[in-house]
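Given next are the chains, with one letter for each unit.
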Amino acid sequence: MNSSAIRAVVILLVASLAAGYCGLLRAQDQPKPAEPAGLWDLAKSKQAVHRFSTLISAQQVRDHLSTEKGIDAAIDWCKKTAVSKVYIEVFRDGYQAKREALAHAKERFRAVGIEVSGCVTTTEVGKRSTGWRGIACYTDPKTQERVQEIFEYAAGLFDEIMIDDFWFTDCTCADCDAARRSKTVTIGQKTYPVAGDSRTGILPVGSTWEDYRCELMVRLSQDRVLGAAKRVNPRAKLIVKYPQWYDRFHERGYEVLRETADFDRTWVGTETRDYTDRQWGGTPQYEAYFIMRWLGGIGGQKCGGGWYDPYGTTEHTYVEQARQTVLGGARESLLFCYGSLLSQTGPKNVAALRKEIPELFAVAEQVRRRQIVGIAAYKPANSHPASEPRVFDFVGMMGLPLVPCHEFPADAKAGFFSIHALKEADLAKRLSVFIAAGKPVLVTDGLAQKLTDKVDLKRPNVRVLPVKGDPKRLLGLAQGELDATRAFALRALGRSFRAPNRVAIYLYEDGSWVVENFNDDPVTVELDDKPLSVPSRAWVCHWQ
Ligand SMILES: [Zn+2]
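Computed from a predicted structure; not experimentally measured. (Residues numbered from 1 in each chain as written. Predicted model: local features only at pLDDT ≥ 70, side-chain atom pairs only at ≥ 80, totals over all residues. Heavy atoms only, no water.)

## Quick word on the environment of Lys 127
Here Lys 127 is to be found in the loop between strand E4 (115-120) and helix H6 (141-155). C-alpha of Lys 127 to C-alpha of Ala 386: the two residues are 259 residues apart in sequence and 31 Å apart in space. Other than its neighbours up to four places away in sequence, Lys 127 contacts Ile 135, Ala 136, Cys 137, Asp 140, Thr 143, Cys 173 and Asp 175. Within the structure, Lys 127 has its side chain in polar contact with the side chain of Asp 175 (distance 3.1 Å). (Helix = DSSP H or I, 4+ residues; strand = E, 2+ residues; numbered from the N terminus. Contact = heavy atoms within 4.5 Å. Polar contact = N/O pair within 3.5 Å; in protein donor to acceptor, adjacent residues only side chain to side chain.)

## A look at the nonpolar core
Buried together is how nonpolar side chains tend to be arranged in soluble globular proteins. Ranked by size, the top nonpolar core spans 146 residues in total, and within it Ile 88, Phe 109, Trp 167, Leu 238 and Phe 249 carry the most contacts. Counting residues in hydrophobic clusters, the runner-up holds 19 residues, among them Ala 376, Cys 405, Leu 431 and Leu 451. (Core = buried A, V, L, I, M, F, W, Y, C linked by side-chain atoms within 4.5 Å. Buried < 20%, exposed > 50% of the residue type's maximum accessible area, 1.4 Å probe, protein only.)

## Concerning the pattern of salt bridges
Scanning the model with the defined rule gives 37 salt bridges in all. As a salt-bridge pair, Arg 92 and Asp 164 come within 2.9 Å of each other at their nearest N and O atoms. Of the two residues, Arg 92 is situated in strand E2 (residues 83-92) and Asp 164 in the loop between strand E5 (160-163) and helix H7 (174-181); the sequence distance between them amounts to 72 residues. Judged by its relative accessible area of 11%, Arg 92 is buried. In this structure, Arg 146 and Glu 149 form a salt bridge, with 3.0 Å as the shortest nitrogen-oxygen distance. (Salt bridge = Lys/Arg side-chain N within 4 Å of Asp/Glu carboxyl O.)

## Here we look at the sheet that holds strand E13 (residues 375-378)
Sheet strands pair via backbone hydrogen bonds, and the direction of the pair is either parallel or antiparallel. Strand order in the open sheet made by the five strands is E14-E13-E15-E16-E17, with parallel pairing throughout. Each edge of the open sheet is held by one strand with a lone partner, namely strand E14 (402-405) and strand E17 (462-465). The mean inter-strand angle of the sheet, taken between neighbouring strand axes irrespective of direction, is 25 degrees. One ladder, built from three bridges, connects strand E15 (residues 415-417) with strand E16 (residues 441-444); its direction is parallel. Among the inter-strand pairings, Phe 416 is bridged to a residue of E16, identified as Leu 442. Lying on the sheet, helix H10 (residues 286-299) is in contact with E13 and E14; it crosses E14 at an angle near 45 degrees. (Pairing = 2+ DSSP bridges. Axes fitted to C-alpha atoms, helices over the stretch in contact; angles between N-to-C directions.)

## Structural notes on the packing of aromatic side chains
Between two aromatic rings, the relevant description is the distance of the centres plus the angle of the planes. Across all of its chains, the model carries 33 aromatic pairs by this definition. Ring plane angle 20 degrees and centroid distance 5.6 Å describe the contact between Trp 280 and Tyr 311, whose orientation is recorded as stacked. Of this pair, Trp 280 sits in the loop between strand E9 (265-269) and H10 while Tyr 311 sits in the loop between strand E10 (303-308) and helix H11 (315-327), and the two are 31 residues apart along the sequence. Given a relative accessible area of 25%, Tyr 311 falls into the partly exposed group. Of the aromatic side chains, those joined through ring pairs into one cluster are Trp 132, Phe 168, Tyr 242, Trp 245, Phe 249 and Tyr 254. The ring of Phe 434 is capped by Lys 439, whose NZ or CZ atom sits 4.5 Å from the centre of that ring. (Phe/Tyr/Trp six-rings, centres within 6.5 Å; stacked < 30°, edge-to-face > 60°. Lys NZ or Arg CZ within 6 Å of the ring centre and 35° of its normal.)

## Here we look at the confidence of the model for the protein
The predicted coordinates of low-pLDDT regions are not to be read in fine detail. For the protein, the mean per-residue pLDDT works out to 93, and 92% of the residues sit at or above 70. When the criterion is pLDDT under 50, residues 1-21 qualifies, and its contacts beyond four places in sequence or with other chains add up to 20 contacts. Every residue in residues 23-30 is under pLDDT 50, and counting partners more than four places away or in other chains gives 17 contacts. (pLDDT = per-residue confidence, 0-100.)

## Concerning the environment of Val 319
Here Val 319 is to be found in helix H11. The exposure class assigned to Val 319 is buried, which follows from its relative accessible area of 6%. A sequence separation of 35 residues divides Val 319 from Arg 354, and the C-alpha atoms of the two residues are 9.5 Å apart. Residues contacting Val 319, with those up to four places away along its chain left out, are Ala 352, Leu 353 and Glu 356.

## A word on the packing of H11 against helix H12 (residues 346-368)
Running from N to C, H11 and H12 point in directions that differ by 20 degrees, and their axes come no closer than 9 Å. Accordingly, the angle class assigned to the pair H11 and H12 is roughly parallel. In this structure, the crossing between H11 and H12 has a hand that is right-handed. In contact with Glu 315, Tyr 318, Val 319, Ala 322, Arg 323, Val 326 and Leu 327 of H11, H12 contributes Lys 348, Asn 349, Ala 352, Leu 353, Glu 356, Leu 360, Val 363, Ala 364 and Val 367. Class assignment for the residues of the contact of H11 with H12 results in eleven nonpolar, one polar and four charged. (Parallel < 35°, antiparallel > 145°, perpendicular 65-115°, else oblique. Left-handed = near helix turned anticlockwise from the far one by under 90°. Nonpolar A, V, L, I, M, F, W, Y, C, P; charged D, E, K, R; others polar.)

## Comments concerning the packing of helix H4 (residues 68-80) against helix H5 (residues 99-111)
Two measures define how a pair of helices packs: the angle their axes make with one another and the distance between the axes. Contact pair H4 / H5: the axes reach a minimum separation of 11 Å and the direction vectors enclose 40 degrees. In this view, H4 runs oblique relative to H5, as classed from their interaxial angle. In the crossing of H4 with H5, the sense of the turn from one axis to the other is right-handed. Here H4 contributes Glu 68, Ile 71, Asp 72, Ala 74, Ile 75 and Cys 78 to the contact with H5, which in turn contributes His 104, Ala 105, Arg 108 and Phe 109. By residue class, the composition of the contact of H4 with H5 is six nonpolar, one polar and three charged.

Below is the structure:
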């Protein structure tokens, strides 16, 4: 056997072992190797299916990539972690990395077969916002000019530039307020009208803050980011990375439809972290899946991947972020960020992840081949959560297989509708048609209240979910209510699922499925009336 044939056999062996991990026969006591060998070869062989990448912040470029020894260590870490792409950051927190350090590091990584792109984090760029620390007032002309300079500098070095998720504003200074009242966005010498009027009745006349900020960030992106970068480097592709807080995007100027249309690619924040962590907690694991699929639906082929970090995580929750990102259909998992993964919770998380990487590649390959099916979960772009923030995440934790969507799911077999759906102008009419077709409709009590006189919700195929203005309470629903809700919603799909809370299910068109247990105890569930054991904090996959 020649060397390439031996290598092919090794890759095949690693891949088939991985496929076995996420199978019906996976036993809890089946040991995994401490650190699978051959991760780098596996990463290279699978990069068309899925890729792991990392980001090296501007400060870390200074601290870790300014010596040959530092670059050697970073390359070694990447290879051991199956990382085949790095984003080398140009700017963050007012610091701009040196051109020589960026250019040299880029060449060194490329020489060993690691792809390289750039990144910009727009924190401390100019006049400070009256809100979040580090965020800027982009109504300010000088700040607009500084943004342009930073992106021109980045485009002189890289053909692809990611923008970390601080590309928004929450400023309410006198200049911003005057611009909002005049319903005009001004970028340099150009002015743009802002659509919409204050609807709250609280604000003085003018546009709403969200309308002003969305127009401001869309126009600023066009003129000072995309335009500026492409004038310097016509090959430059810009990636907008959306934060994990999807229900509030538009309030701070992330306009997912127009920005996704304008940017070359999009990225998705899948940082759910530990639900019980004091500083970072409160987000259930399913959210990473929901947002990945929802933004994936908006972005289509433009949607590049997910992004998670080690802050406020244990090894379990870190690995769950990885699984949810892959189940969400991501083509790439960005591990933020190299420096943070070397300290505090980072090394333990990375050690746990490395053991899972062969399995994650194997599952990514299966997921990419299939269409998900289930209960359509409708969140229109720029919709307001009111008293039901991120309710989708908690509904997913109940073991309801959701198919996130941003357009009314007229053709779905079953649907879940919350207050968010009120963004749809024709909601009463379209929902009435959906209900009249006899499909199961799960509506939140909050939405039901708003539709009382407009839609017939007394039909037997309508069930009201008692959110009571507190989506988190869904994690504590009684078993009877859970089972009844699942039985009601899954009937139309010809499936049945009985399980405790915090066990999620993912269904595919060809009958394949994945069940993931987020509980600290093993569970026995019933899928289509057949018992199935799922170890604690683990998943079981069945591919047809
Ligand atoms: Zn301002």
